[in-house]
Amino acid sequence: MRKKLVAGNWKMNGAREGNAALLAALLGGLDGCHCEIAVCPPFPYLSQVASLLADSGIALGAQTLSEHAVGAYTGEVSGAMLVEFGCRYVLVGHSERRALFAEGDAQIAAKFASAQAVGLMPVLCLGETLAQRECGETFSVVAAQLAAVLDRVGVKALASAVVAYEPVWAIGTGLTATPGQAQEVHAAIRSQVAALDCDVASGLRILYGGSVKAQNAAELFGQADIDGGLIGGAALVAEDFLAICRAAN
């Protein structure tokens, strides 16, 4: 059985004092949370968060990485650096990286490979815009994004990865895909992988991201192919994030 995963993406939010208070509240409220939990703070706070999470039940992740291992790439952060800070997960291909920083499928596939080369578990983010959904392109867009990674690393690589479906139109907008809409896309992702390797597909955790809240988490996570959530804004409020983690039970 696939163990649920709830990952909090802090995005460009945080401050040392606030981080400490948030993590203290999370660590103090883990009773009743039986899923795997991860948080992904901004790079400057990795050391602080790693220290505060030491020997806890919460894993550390990062929000992106460079596709390059080392070199003259000012401002970039390599996978090996993230490993040194104790990261287990790293987000790859988040819609904001695709839209705001022009990361294309080829670069995202290279980042996925770079993450796995140093032992990180990439969380590969896939999703369509509102215009693409309204044009009936949801399944083709998501399939193409996934295919770019499969073509680069092969299906077996997904045995050491997580996929997150995040409809771009539902991120930070308050809009949420209905459980049925989300399940349809999750099932299509799993089917695409199953066409290449049934065993990998059956074990692949596919998260949903897009305005997940305590009020809708249980119904979303109750769908057959939804294995947890990639949480944005609610991850910054301990009570909300813990409620979502409990919904994953």
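Up top is the structure these notes are about.
To start, this report covers the structure provided alongside it. (Residues numbered from 1 in each chain as written. Predicted model: local features only at pLDDT ≥ 70, side-chain atom pairs only at ≥ 80, totals over all residues. Heavy atoms only, no water.)

Points about the environment of G172
Inference 1: Mapped onto the elements of the fold, G172 is located in the loop between β6 (162–165) and α8 (179–194).
Inference 2: Counting along the chain gives 38 residues from G172 to G210, while the straight-line C-alpha distance between them is 6.9 Å. (Helix = DSSP H or I, 4+ residues; strand = E, 2+ residues; numbered from the N terminus.)

Details of the packing of helix α7 (residues 138–153) against α8
Inference 1: Orientation of α7 relative to α8, taken along the N-to-C sense of each, is 40 degrees, at an axis distance of 10 Å. For the pair α7 and α8, the sense of crossing is right-handed. Here T138, F139, V142, A143, L146, A147 and L150 of α7 come into contact with α8, specifically with E184, V185, A188, I189, Q192 and V193.
Inference 2: Taken together, the residues of the contact of α7 with α8 sort by class into 10 nonpolar, 2 polar and 1 charged. (Axes fitted to C-alpha atoms, helices over the stretch in contact; angles between N-to-C directions. Left-handed = near helix turned anticlockwise from the far one by under 90°. Contact = heavy atoms within 4.5 Å. Nonpolar A, V, L, I, M, F, W, Y, C, P; charged D, E, K, R; others polar.)

Concerning the side chain of E103
Inference 1: Along the chain, the position of E103 falls in the loop between α4 (95–100) and α5 (105–117).
Inference 2: Polar side-chain contacts of E103 include one of 3.0 Å to the side chain of R97.
Inference 3: Those residues in contact with E103 that sit more than four places away from it in its chain are T64, R97, R98, I108 and K111. (Polar contact = N/O pair within 3.5 Å; in protein donor to acceptor, adjacent residues only side chain to side chain.)

Let's talk about the side chain of R98
Inference 1: Structurally, R98 is set in helix α4.
Inference 2: A polar atom in the side chain of R98 sits 2.9 Å from the backbone oxygen of C125.
Inference 3: Not counting residues up to four positions away in its chain, the partners in contact with R98 are G93, E103, D105, I108, L124, C125, L126 and Q145.

Re the packing of aromatic side chains
Inference 1: Taken as a whole, this structure holds 1 aromatic pair when the rule is applied.
Inference 2: Ring centres 6.2 Å apart and planes at 55 degrees place the aromatic pair Y165 and Y208 in the tilted group. With Y165 in strand β6 and Y208 in strand β7 (residues 205–208), this pair connects stretches of sequence that are 43 residues apart.
Inference 3: The exposure class of Y208 is buried, given its relative accessible area of 0%.
Inference 4: Directly above the ring of F101 sits R97, whose terminal nitrogen or CZ lies 4.1 Å from the centroid. (Phe/Tyr/Trp six-rings, centres within 6.5 Å; stacked < 30°, edge-to-face > 60°. Buried < 20%, exposed > 50% of the residue type's maximum accessible area, 1.4 Å probe, protein only. Lys NZ or Arg CZ within 6 Å of the ring centre and 35° of its normal.)

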